[in-house]
Amino acid sequence: MTINQQIAFSSLADMARGLQEKEYTSVELTRVFLDRIARLNEKVHAYTSVYEESALLQAQAADLQRQSGLPLPPLHGLPIAVKDLCEISGQITTAGSLAWKARRSSITSTVVERLQAAGMVMLGKTHMVEFAFGAWGTNPLMGTPRNPWDMTEHHRAPGGSSSGSGVAVAAGLAPAAIGSDTGGSIRAPAGFNGLTGLKTTHSLISLYGTVPLSASLDTIGPLTHTAEDAALLTQVLAGPDWRDPNTLHRPIFAFKRNEPVSARHLRIAVMQPEQYPWPVADDVHAATQEAMHVFQSLGATIEHVNVPFDFAELMRNNGALIAAEAYHVHADYIEDANLPIGPWVRKRILSGRAVDANAYLAIMAHRQEAIARFNNWMQAYDLLLTPTLPFVACPLEEIDEEITPLGAFNRAINYLDTCAISLPAGFSERGLPIGIQLVSKPWQESLLLQTGQAFQNVTDWHRRKPPGLQ
């Protein structure tokens, strides 16, 4: 493996050490990813826009700052990609829609502002499901990113809606990327692409300047190789923002880097397979059981439980809430047949018309009751363990857009307004990634990330690389 290839699949933490030890410069690091994008993006279709000239100028500035000898933020000079719903003033923001191919932003999202304030180098924007409404990762009009774990036989589902962000990181076209999660849109691409994906508690990270899907459910989070990297990015992004009042007067995210991490004494509830909201493939079940044994070996207490919730019901309610709020966002033009909007996304958004005020208020009341019950039930446990997805990435031709199996374990978490992490936990016989999901109480992202680090300290699933893209 050449040094360039080593860098392409390195963690942010390792890259930061390399910059500090002067193994390479930020410009050299950025060129590695720009060169890979130029060579491979046509194959995997991860990026909508690549800021080559801008990225190199940012990297040059970062190198000059480093020469000053003054202290710099931990992620200073490291490349990053963002989902194409993050506004950047003066740049095109499509939100995955061909109808918005010329839509130029007049504001910059808090997410991008904070990444820039941390000294990160913006590589570009990544493809996504149109208007972020879909879990498979497909986009018939702007193109579907290709899951890099199968570059020869099938074009497989990348998972969505943060499809391009997941593919960019898994293919070594970015060391990390930002996604959004309204019903699993970070965890699905993390699971399908062998990545770490953090779904944050609603309002931990400001939504200002990100194109909305569902104001009640939208969250922002990172897609990375490691839990440590996810923690570093969350540290940068989290915190109050007066332009998003929901972020005010919230618990502060605090992650103590370089301290020992442990899963000892954790109480982990494991969902019984009989309660699974969707049939789970044998290899996914086996990987989940193996992960459970890993946590036991780390000193955690495992308890098989009957979860006092119907995940299928919560998934349906979450879907109805998304549709109702998405229709509110897009009502002015979603029925215009002359606009190039994908048929399945149009259909999902239009279904929101059927959710009248009475139904909407009933769902919101049910949601508040479910959140209270979940928080009360979780007092007995630190974490809940489930599969991330019921099966591994399937070929595009096998996708049924009428059904939502990828939301089976994910959508309930958004509905319950809590946080979760997807961790790489194995591979199928075909060599396709499998993920597990850990769920905690709201605002306990630090616990998820520390537990993820402990898991990754004794496993190597997160270090595996797609065989066709070395």
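Remember, predicted model here, so these are calculated numbers, not experimental data. (Residues numbered from 1 in each chain as written. Predicted model: local features only at pLDDT ≥ 70, side-chain atom pairs only at ≥ 80, totals over all residues. Heavy atoms only, no water.)

## What about the layout of surface pockets?
For step 1, the next point in the chain: Here the largest pocket is characterised by a volume of approximately 480 Å³.
For step 2, the next point in the chain: If you list the elements that add at least two residues to the lining of the largest pocket, you get α10 (311–330) and α11 (343–350).
For step 3, the next point in the chain: Sort the elements by how many residues they give to the lining of the largest pocket and α10 lands first, with five residues.
For step 4, the next point in the chain: Its residues placed into classes, the lining of the largest pocket shows 12 nonpolar, 10 polar and six charged.
For step 5, the next point in the chain: For the second largest pocket, the calculated volume is near 390 Å³.
For step 6, the next point in the chain: For the second largest pocket, the lining is made up of 23 residues, of which Ser 11, Asp 14, Thr 226, His 462 and Arg 463 are closest to its centre.
For step 7, the next point in the chain: Going through the elements one at a time, α2 (12–20), α8 (227–237) and α14 (445–457) are the ones with two or more residues in the lining of the second largest pocket.
For step 8, the next point in the chain: When residues of the lining of the second largest pocket are assigned to their parent elements, the largest contribution, three residues, is made by α14.
For step 9, the next point in the chain: Partitioned by chemical class, the residues of the lining of the second largest pocket number six nonpolar, 11 polar and six charged. (1 Å grid on protein atoms, 1.4 Å probe; cavity = no way out; pocket = protein on both sides within 12 Å on 5 of 7 lines; lining within 4 Å. Points joined across faces, edges and corners; volume = space filled by probe spheres on them. Helix = DSSP H or I, 4+ residues; strand = E, 2+ residues; numbered from the N terminus. Nonpolar A, V, L, I, M, F, W, Y, C, P; charged D, E, K, R; others polar.)

## Re the nonpolar core
For step 1, the next point in the chain: Among the nonpolar cores identified, the biggest contains 144 residues, and Leu 115 and Phe 295 are the most heavily contacted of them.
For step 2, the next point in the chain: Looking at this core element by element, the count peaks at nine residues for α10.
For step 3, the next point in the chain: Those residues in contact with Leu 115 that sit more than four places away from it in its chain are Ile 80, Val 82, Met 120, Met 122, Ile 178, Leu 233, Val 236 and Leu 237.
For step 4, the next point in the chain: Counting residues in hydrophobic clusters, the runner-up holds nine residues, among them Ala 157, Ala 188, Phe 192 and Ala 393. (Core = buried A, V, L, I, M, F, W, Y, C linked by side-chain atoms within 4.5 Å. Buried < 20%, exposed > 50% of the residue type's maximum accessible area, 1.4 Å probe, protein only. Contact = heavy atoms within 4.5 Å.)

## Comments concerning helix α5 (residues 110–117)
For step 1, the next point in the chain: Every buried residue belonging to α5 is among Thr 110, Val 111, Val 112, Arg 114 and Leu 115, and all of these are buried.
For step 2, the next point in the chain: The elements touched by buried residues of α5 are β2 (79–83), β3 (121–126), β4 (176–180), β6 (220–224) and α8.
For step 3, the next point in the chain: Positive backbone phi, approximately 85°, marks Gly 119, located one or two places after α5.

## Comments concerning the packing of α5 against α8
For step 1, the next point in the chain: For the pair α5 and α8, interaxial distance at closest approach is 9 Å and the crossing angle is 110°. As judged from the angle between their axes, α5 and α8 are roughly perpendicular. For the pair formed by α5 and α8, the contact residues are Val 111, Arg 114 and Leu 115 on the first element and Leu 233, Val 236 and Leu 237 on the second.
For step 2, the next point in the chain: The residue inventory of the contact of α5 with α8, partitioned by class, reads five nonpolar, no polar and one charged. (Axes fitted to C-alpha atoms, helices over the stretch in contact; angles between N-to-C directions. Parallel < 35°, antiparallel > 145°, perpendicular 65-115°, else oblique.)

## Quick look at α2
For step 1, the next point in the chain: Among the residues of α2, those classed as buried are Leu 12, Ala 13, Met 15, Ala 16, Gly 18 and Leu 19.
For step 2, the next point in the chain: Backbone geometry just after α2 places Lys 22 at a positive phi near 60°.

## Some thoughts on the confidence of the model for the chain
For step 1, the next point in the chain: Taken residue by residue, the chain gives an average pLDDT of 96. The fraction at 70 or more is 99%.
For step 2, the next point in the chain: Across the chain, the secondary-structure element scoring lowest on mean pLDDT is helix α1 (residues 3–8), at 78, and the one scoring highest is β2, at 99. (pLDDT = per-residue confidence, 0-100.)

## A look at the side chain of Thr 247
For step 1, the next point in the chain: Position of Thr 247 among the secondary structure elements: in the loop between α8 and β7 (267–271).
For step 2, the next point in the chain: A relative accessible area of 2% means that Thr 247 is categorised as buried.
For step 3, the next point in the chain: Among the polar contacts listed, one links the side chain of Thr 247 to the backbone nitrogen of Asp 241, at a separation of 2.8 Å. (Polar contact = N/O pair within 3.5 Å; in protein donor to acceptor, adjacent residues only side chain to side chain.)

## Focus on the pairing of β4
Across a regular strand the side chains alternate sides, sitting on one face of the sheet and then on the other.
For step 1, the next point in the chain: Of all five residues making up β4, five are buried, and the element is well covered by its neighbours.
For step 2, the next point in the chain: The two faces of β4 match: Ala 176, Ile 178 and Ser 180 on one face and Ala 177 and Gly 179 on the other face are all buried.
For step 3, the next point in the chain: Relative to β4, β2 runs parallel, the two sharing two bridges. Bridging across to β4, Val 82 finds its partner in Ile 178. (Pairing = 2+ DSSP bridges.)

## A few points about the pairing of strand β5 (residues 196–199)
For step 1, the next point in the chain: Burial along β5 is two-sided: Thr 196 and Leu 198 facing one way and Gly 197 and Lys 199 facing the other are all buried.
For step 2, the next point in the chain: Bridge analysis of β5 against strand β10 (residues 419–427) gives three bridges, and the strand direction is antiparallel. Each bridged residue has a counterpart across the sheet, and for Gly 197 the counterpart in β10 is Ser 422.

## Looking at the sheet that holds β5
For step 1, the next point in the chain: Strand order across the open sheet formed by 11 strands is β1-β3-β2-β4-β6-β5-β10-β11-β9-β7-β8, with mixed pairing between neighbours. Both outer strands of the open sheet, β1 (47–50) and β8 (301–305), are each paired with one neighbouring strand and no more. Going across the sheet, the axis of each strand differs from the next one's by a mean of 25°, ignoring polarity.

## Considering the packing of aromatic side chains
For step 1, the next point in the chain: This model, assessed by the stated rule, comprises 11 aromatic pairs.
For step 2, the next point in the chain: Judged by centre distance (6.2 Å) and plane angle (85°), the ring pair of Phe 309 and Trp 377 falls under edge-to-face. In this pair, Phe 309 is assigned in the loop between β8 and α10 and Trp 377 in helix α12 (residues 357–377), connecting sequence segments 68 residues apart. You'll find Phe 309 and Trp 377 in the same group, each marked buried.
For step 3, the next point in the chain: Note on Phe 427 and Trp 461: the rings are 6.0 Å apart at their centroids and 55° apart in plane angle, and the pair reads as tilted. Here the residue Phe 427 occupies a position in strand β10, and Trp 461 occupies one in the segment after α14, the gap between them amounting to 34 residues.
For step 4, the next point in the chain: A relative accessible area of 23% places Trp 461 in the partly exposed class.
For step 5, the next point in the chain: One aromatic cluster is present, built from ring pairs that chain together Phe 309, Phe 374, Trp 377 and Tyr 381.
For step 6, the next point in the chain: We note Arg 103 situated over the ring of Trp 100; from NZ or CZ to the ring centre the distance is 4.6 Å. (Phe/Tyr/Trp six-rings, centres within 6.5 Å; stacked < 30°, edge-to-face > 60°. Lys NZ or Arg CZ within 6 Å of the ring centre and 35° of its normal.)

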